[in-house]
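Examining the three-dimensional arrangement
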Amino acid sequence: MTKPPLTLYLAAPRGFCAGVDRAIKIVEMALEKWGAPVYVRHEIVHNKYVVDSLRDQGAVFVEELDECPDDRPVIFSAHGVPKAVPAAAAQREMIYVDATCPLVSKVHIEAQRHSDNGLQMIMIGHAGHPETVGTMGQLPEGEVLLVETVADVAQVQVRDPDKLAFVTQTTLSVDDTADIVAALYDRFPAIVGPHKEDICYATTNRQEAVKAMAPKCDAMLVVGAPNSSNSKRLVEVGARAGCNYAQLVQRATDIDWRALEGITSMGITAGASAPEVLIAEVIDAFKDRYDATVEMVVTAEENVEFKVPRVLREPA
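Residues numbered from 1 in each chain as written. Predicted model: local features only at pLDDT ≥ 70, side-chain atom pairs only at ≥ 80, totals over all residues. Heavy atoms only, no water.

1. Section: the pairing of strand S3 (residues 59–62)
- By the bridge criterion, four bridges tie strand S2 (residues 38–41) to S3 in an arrangement that is parallel. Considered in S3, the bridge of Arg41 is made with Val62.
- One crossover worth recording links S2 to the parallel S3 by way of helix H2 (residues 48–56), and it is right-handed. (Pairing = 2+ DSSP bridges. Helix = DSSP H or I, 4+ residues; strand = E, 2+ residues; numbered from the N terminus. Right-handed = clockwise from strand over helix to strand, strands pointing away.)

Structure representation (structure tokens):
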């Protein structure tokens, strides 16, 4: 039987960003330097395949520092941690390596600087997300107020409307935050915004590629984890940009083939913590069923690289 024709649009950039790349490298280099086990507080990045493969190499994933022994190294995830975590590790004289994405660290530094200048912070982010928890944990309780929606902006109770600044979670969509930012300026005209957009370059680039790709596609799949904020935002961006069917899949086995019956064009992208091997697996699954032609949709070139901490570059 002849296979039906299909145009596969492949978004570029997609998948791993520099912060994720660096975080995974940190775990691998720590295992190489200190041997197994190396403990990692929280999933290093939000991707089961990545976490499982690092676990196979000897990484032990825990949720809290008190689950780690004093005599083994511990790594803090790419999402960042509250200030109390490295302080507790230092008190226990543990070896610890901070794999926080440098772009998240930038937000932490910004929050501290505003606080030092007497400003109360408002954070645009998702409650309970590790990055939000980490950023809010840079300052004492009550110094960072969380807003998730425009409605939250109307309700938020501040100490002094003339002494405010805001930061945003890096993995949110530019479109989502625009309304909330506008509402903040509307209610608090004196609020101080970030010097440079806090939403990271990789989040923005992946969303721009989806916006360019979505109108061409009958359906679109985002390869990523259900707990990955930036992956879920890509699905929403695709749907808003005109793609009738946009879904998140962890890997090829999750594809709902019945829902895709009759399609002639398909868009594929991946969240910032999804490895290329899973994207290739999805493409191969389509090539098995369709006479597929792959077309790249390129909207940006990325050449950002973040150095790993010095402790890993020094001999043991």
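2. Some thoughts on the packing of aromatic side chains
- A full pass over the atoms with the stated rule returns four aromatic pairs.
- Taking 4.8 Å as the distance between ring centres and 65° as the angle between the ring planes, the aromatic pair formed by Trp257 and Phe286 counts as edge-to-face. Remark: Phe286 occurs in helix H10 (residues 276–289) and Trp257 occurs in the loop between strand S10 (245–249) and strand S11 (265–270); sequence separation between them is 29 residues.
- Owing to a relative accessible area of 0%, Phe286 belongs among the buried residues under this scheme.
- Linked through ring pairs, Trp257, Phe286 and Tyr290 together constitute an aromatic cluster.
- A cation over a ring is seen here: Arg289 above Trp257, with NZ or CZ 4.0 Å from the ring centre. (Phe/Tyr/Trp six-rings, centres within 6.5 Å; stacked < 30°, edge-to-face > 60°. Buried < 20%, exposed > 50% of the residue type's maximum accessible area, 1.4 Å probe, protein only. Lys NZ or Arg CZ within 6 Å of the ring centre and 35° of its normal.)

3. Looking at empty space enclosed by the protein
- Within the structure shown, the criterion is met by one cavity of 30 Å³ or more.
- Volume-wise, the largest cavity comes out at about 300 Å³.
- Forming the walls of the largest cavity are 26 residues, and the residues nearest its centre are Cys17, Val20, His79, Thr171 and Asn230.
- When residues of the lining of the largest cavity are traced back to their parent elements, those giving at least two are helix H1 (18–34), helix H4 (102–116), helix H8 (201–213) and helix H9 (229–240).
- Partitioned by chemical class, the residues of the lining of the largest cavity number 13 nonpolar, 12 polar and one charged. (1 Å grid on protein atoms, 1.4 Å probe; cavity = no way out; pocket = protein on both sides within 12 Å on 5 of 7 lines; lining within 4 Å. Points joined across faces, edges and corners; volume = space filled by probe spheres on them. Nonpolar A, V, L, I, M, F, W, Y, C, P; charged D, E, K, R; others polar.)

4. Re the nonpolar core
- Ranked by internal contacts, the top residues of the largest apolar core, which has 31 residues, are Val27, Ile44, Val45, Leu54 and Ile75.
- Elements supplying a minimum of two residues to this core: H1, S2, H2, S3 and H4.
- Residue contributions to this core peak at eight residues, all from H1.
- Sequence-distant contacts of Ile75, that is, excluding residues within four places in its chain, are made with Ile26, Val27, Ala30, Val38, Tyr39, Val40, Arg41, Ile44, Val97 and Ala99.
- Core analysis: the next-biggest nonpolar cluster, separate from the first, contains 23 residues, Ile263, Ala270, Ile283 and Ala292 among them. (Core = buried A, V, L, I, M, F, W, Y, C linked by side-chain atoms within 4.5 Å. Contact = heavy atoms within 4.5 Å.)

5. Overview of the side chain of Glu143
- Along the chain, Glu143 falls in the loop between helix H5 (130–136) and strand S7 (144–147).
- At 2.8 Å, the side chain of Glu143 forms a polar contact with the side chain of Arg159. (Polar contact = N/O pair within 3.5 Å; in protein donor to acceptor, adjacent residues only side chain to side chain.)

6. Considering unusual backbone geometry
- For the peptide bond that leads from Ala12 to Pro13, omega is 5°, which places it in the cis range.
- For the peptide bond that leads from Ala36 to Pro37, omega is -5°, which places it in the cis range.
- Residue placement: Pro37 occurs in the loop between H1 and S2.
- One non-glycine residue, His42, adopts positive backbone phi at about 75°.
- For His42, the position within the fold is in the loop between S2 and H2.

That's the geometry; what it means functionally is another story.
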